[in-house]
Amino acid sequence: MLSIMPNIEDKTRPKISGLSRRAHIMRSLTCIVPLTILSLLVLTAIFAPWLAPHDPIKVSMTERRLPPVFMEGGSTKYILGTDHLGRDVLSRAIYGARISLSVSLLVIAITASVGTILGIAAGYIGGRTEAFLMRFTDISMSFPPLVLAMLLSVILGPGYITVVLALSVLGWAPYARLIRGEALRIRNSDFVSQARVSGASPMRIMIKHIFPNVINPLIIVMTMAVGFMILAEAGLSFLGIGIPPPDPSWGSMVADGRGDIDRAWWITTFPGILIGMVVMSGNFFGDWLRDKMDPRLRQL
Amino acid sequence: MADVILEGRDLKKYYPVTKGLLKRIIGWVRAVDGISFTIERGKTLSLVGESGAGKTTTAKAVLLLEKLTSGTILFEGKDVYRFSKSQLKTEYRPRVQSVQQNPWSSMNPRMRVRDIIAEPLVVNTKRTKGQIRSRVLELLDQVGLSPNQADYYPHEFSGGQRQRIAVARALALNPSLVVLDEPVSALDVSIRAQIMNLLKDLQDQYNLSYLVIAHNLATVRFMSHSVAIMYLGEIVEYGEAEELFERPLHPYTRALISASMLTLPEDEDKGVEPIILSGEMPSPLNPPPGCRFHTRCPDVQDICSKEVPEVRVIGQQRIKCHVYAEQ
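Values in this document were obtained by computation on a predicted structure and should not be read as measured data.

What to know about the overall build of chain B
A tally of regular secondary structure across chain B gives 10 helices and 12 strands. For 327 residues, the compact-globule estimate of 2.2 N^0.38 gives 20 Å, and the C-alpha radius of gyration of chain B, at 21 Å, lies within 12% of that figure. The principal-axis extent of the C-alpha atoms belonging to chain B is close to 70 × 60 × 45 Å. Residue pairs in contact within chain B that sit at least 24 positions apart in sequence constitute 65% of those at least 6 positions apart.

Structural data, given as structure tokens:
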């Protein structure tokens, strides 16, 4: 009777493990590739002054709209060509990484912290605190972000701080929603009631018991947000309420080049590719993290 | 007069059932409906019953995780609900600890064993890190775990080991009373005896009092000094463990005992028939009139569905049943 069991296992094992090995490699690729791209871009941003061949804001009216090196008329002096003011596209893209990445990381840090604190407070304390915080969250989510960003840039004047503020003011709401749900679930778990029996204060429970257990979904949503924030910054810069010229950001580069797209496609295309790469890397890496860490989590 | 550590007097816990947008209350779930018990120092009281009988609600009330609808809990003669916040923090919380049923969910998966056991010490005492460290190692030794396991995470342990960790945490503050909510029911049968022996040894060593919540009569028989059988929020029989198992009076107690024993062929020859209860426990939202057990009772009489039985004392046992009315 018992000897039947190993036979069944032997038949199925090679097939399953063969499939899973291939799936395993594919799965780790969705982690390695985006992570490499993102870290390369971060390194580029950090070492921009050493990497950029030219000054990104130096205008050269005699060398306007030069094509990239691989096209007719291009030269090795400007590998990705120049824009309508004769500025080097490669150097601007390298410096643009600084602004685009730092804006998105800063905004994510601010929104995630605020959202997590409010979400844990709402989820654990409950009652009126929760009702108040969650209605506040609903209101924030129903506000059109672009209108608010325009309003802020009118009041404060366009600039780095304005962009960060405009993206942060409403960006915390989805975090608060997610974390509140997780906190609600954890609040009713056995180890929290055990902590209460031990005499732990609500503050201690929120910091020591709830927070460490919401980190997984939090990290996943944060990685997913990298791409979104780059796009948002690009959008603001494109509309002219983002980073003011002449400082380069990927979004403002796309905006600057759109009038020349028929005769100088390289001005918009290269920063566009970079935006696409970051967004996709963020999404793939976030997806991978989600599968890896928490299969229960639903997409926001 | 015995040395009573905890006394529950006429405890009641009703949960409102609401309906509609306005949360109109349409009824009450009587989870615990007027139970009284005492726990003596160094002794064990077990609450036994099917799920839904109100055992866990009672345990939560004692741990102040649920607020009772009415009734008083006296801890060493003092009303627990009259304690101020600071009195609770110094006089009650540290002295009443608990071990929960499920060792897989009762520990924060993100904390090391060292910190799990140390939490009551960190929260309630002003010991230095070194003192806490040595106390944790001492506790690990007492529950039969080795000191080098202190830096592991809970998921690296088996169920029995986890329950040992839970016991160590409960003992950290030298409590007087430990509430054990189904302490072994989530464990393998082979591990149960070990944990029960551990709990018994610790009780003898530290003169601990236990309030045990259980549905398994074998566990109860081994550990308890007194037993209260609960049915639908009421205590139907309450007495010394030995006597209650030797001479069960209430039909429900007899059915429970019968269900927990293996029926051997020679028993059948002797004419001992197992008592098998039919149906399920009625809803506590709408308990049956008269004796709550009459819908399933093998010895049901006419009076049972009409009058609520009085509590009678027979020998050392308090029971709530019409069968013994004339005696």
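Overview of the overall build of chain A
Of regular secondary structure, chain A possesses 10 helices and zero strands. Ordered by position from the N terminus, the helices and strands of chain A form the series α-α-α-α-α-α-α-α-α-α. In summary, chain A has a C-alpha radius of gyration of 25 Å against a globular reference of 19 Å for 300 residues, an excess of more than 25%. In terms of principal-axis extent, the alpha carbons of chain A reach across some 80 × 60 × 30 Å. Looking at chain A residue by residue over its 300 residues, the buried ones come to 40%. Long-range pairs, those at least 24 residues apart, make up 70% of the contacts in chain A between residues at least 6 apart in sequence.

Things to note about helix H9 (residues 250–257) of chain A
Of all eight residues in H9(A), eight are buried, a share of seventy percent or more. Among the residues making up H9(A), those that are buried are A:Trp250, A:Gly251, A:Ser252, A:Met253, A:Val254, A:Ala255, A:Asp256 and A:Gly257.

Considerations on the interface of chain A and chain B
Contacts between the two partners involve 15 residues from chain A and, on the opposite side, 18 residues from chain B. Across the side of chain A that touches chain B, the residue classes break down as five nonpolar, seven polar and three charged.

Observations concerning unusual backbone geometry
One non-glycine residue with positive phi stands out, namely B:Asp10, at about 50 degrees. Considering the arrangement of structural elements, one finds B:Asp10 in strand E1 (residues 4–19).

Concerning the sheet that holds strand E5 (residues 78–79) of chain B
All names here are of chain B. Strand order in this open sheet of four strands is E2-E1-E4-E5, and the pairing throughout is antiparallel. The open sheet is flanked by strand E2 (24–40) and E5, the only strands paired with a single partner. Bridging between E1 and E2 involves 13 bridges; their strand directions are antiparallel. Across the sheet, the residue bridging to lysine 12 is aspartate 33, located in E2. Running at roughly 115 degrees to E1, helix H1 (residues 55–62) makes contact with E1, E2 and strand E4 (70–75) of the sheet.

Looking at the sheet that holds strand E11 (residues 311–314) of chain B
Pairing between the strands of a sheet is mediated by backbone hydrogen bonds and can be parallel or antiparallel. Residues and elements named next belong to chain B. As summarised here, the arrangement of the eight strands in space is E6-E7-E8-E3-E9-E10-E12-E11, forming an open sheet in which the pairing is mixed. Strand pairing shows two members of the sheet lacking a second neighbour, strand E6 (96–99) and E11, which therefore form its edges. Between one strand axis and the next, the sheet turns through 20 degrees on average, direction left out of account. Pairing of E6 with strand E7 (residues 177–181), which is carried by four bridges, proceeds in the parallel orientation. Its bridge partner being in E7, serine 98 is matched across the sheet by valine 179. Along the sheet, H1 makes contact with strand E3 (44–48), E6, E7, strand E8 (209–214) and strand E9 (226–231), crossing E8 at roughly 150 degrees.

Overview of the nonpolar core
Core analysis: the biggest nonpolar cluster contains 151 residues, and B:Leu211 and B:Ile229 have the highest contact counts within it. In terms of residue count, helix H3 (residues 89–125) of chain A provides more of this core than any other element does, 17 residues in total. When sequence neighbours within four positions are dropped, the list of residues in contact with B:Ile229 reads B:Val48, B:Gly49, B:Ile235, B:Val236, B:Glu237, B:His250, B:Tyr252, B:Thr253 and B:Leu256.

A closer look at the packing of helix H4 (residues 127–142) of chain A against helix H6 (residues 160–187) of chain A
What describes two packed helices is the angle between their axes and the distance between those same axes. Residues and elements named next belong to chain A. In the contact formed by H4 and H6, the axes pass within 8 Å of each other and the chain directions differ by 135 degrees. Considering the angle they form, H4 stands oblique to H6. For the crossing formed where H4 meets H6, the hand is left-handed. Of the residues in H6, those touching H4 at Leu133, Met134, Thr137, Ser140 and Met141 are Leu170, Ala173, Ala176, Arg177 and Arg180. Its residues assigned to classes, the contact of H4 with H6 comprises six nonpolar, two polar and two charged.

Digging into the pairing of E11(B)
All names here are of chain B. Judged from the four bridges that link them, E11 and strand E12 (residues 317–320) form a sheet pairing that is antiparallel. Its bridge partner lying in E12, valine 313 is registered against arginine 318. Two successive antiparallel strands, E11 and E12, enclose a turn made up of two residues, where glycine 315 displays a positive phi of approximately 65 degrees.

Considerations on helix H7 (residues 190–197) of chain A
Listed in full, the buried residues belonging to H7(A) are A:Phe191, A:Val192, A:Gln194, A:Ala195 and A:Val197. Packed against the buried residues of H7(A) are H6 and helix H8 (202–238) of chain A together with E6 and helix H3 (113–124) of chain B. Once H7(A) finishes, A:Gly199 follows within two positions and takes phi at roughly 95 degrees, a positive value.

Re the environment of A:Thr129
Residues and elements named next belong to chain A. Note on placement: threonine 129 falls in helix H4. On the basis of neighbour count, threonine 129 is assigned to the partly exposed category, with 14 C-beta atoms found within 10 Å. Sequence separation between threonine 129 and leucine 118 is 11 residues; the distance between their C-alpha atoms is 9.8 Å. Once residues within four sequence positions are removed from consideration, threonine 129 is found in contact with Ala121 and Ala122.

Examining the confidence of the model for chain A
Detailed conclusions should not be drawn from predicted coordinates in areas where pLDDT is low. Residues and elements named next belong to chain A. Residue-level pLDDT values for chain A average 80, and 91% of them are 70 or greater. The low-confidence segment residues 1–17 (pLDDT under 50) makes zero contacts with residues lying over four places distant or belonging to another chain. Contacts of residues 295–300 to residues separated by more than four positions or lying in other chains number six contacts, the stretch itself having pLDDT below 50.

Rules behind the numbers
- Residues numbered from 1 in each chain as written.
- Chains lettered and ligands numbered in written order.
- Predicted model: local features only at pLDDT ≥ 70, side-chain atom pairs only at ≥ 80, totals over all residues.
- Helix = DSSP H or I, 4+ residues; strand = E, 2+ residues; numbered from the N terminus.
- Rg over C-alpha atoms; globule rule 2.2 N^0.38 Å.
- Contact = placed C-beta atoms within 7 Å.
- Buried ≥ 20, exposed ≤ 12 C-beta atoms within 10 Å, placed from the backbone.
- Nonpolar A, V, L, I, M, F, W, Y, C, P; charged D, E, K, R; others polar.
- Pairing = 2+ DSSP bridges.
- Axes fitted to C-alpha atoms, helices over the stretch in contact; angles between N-to-C directions.
- Core = buried A, V, L, I, M, F, W, Y, C linked by C-beta atoms within 7 Å.
- Parallel < 35°, antiparallel > 145°, perpendicular 65-115°, else oblique.
- Left-handed = near helix turned anticlockwise from the far one by under 90°.
- pLDDT = per-residue confidence, 0-100.

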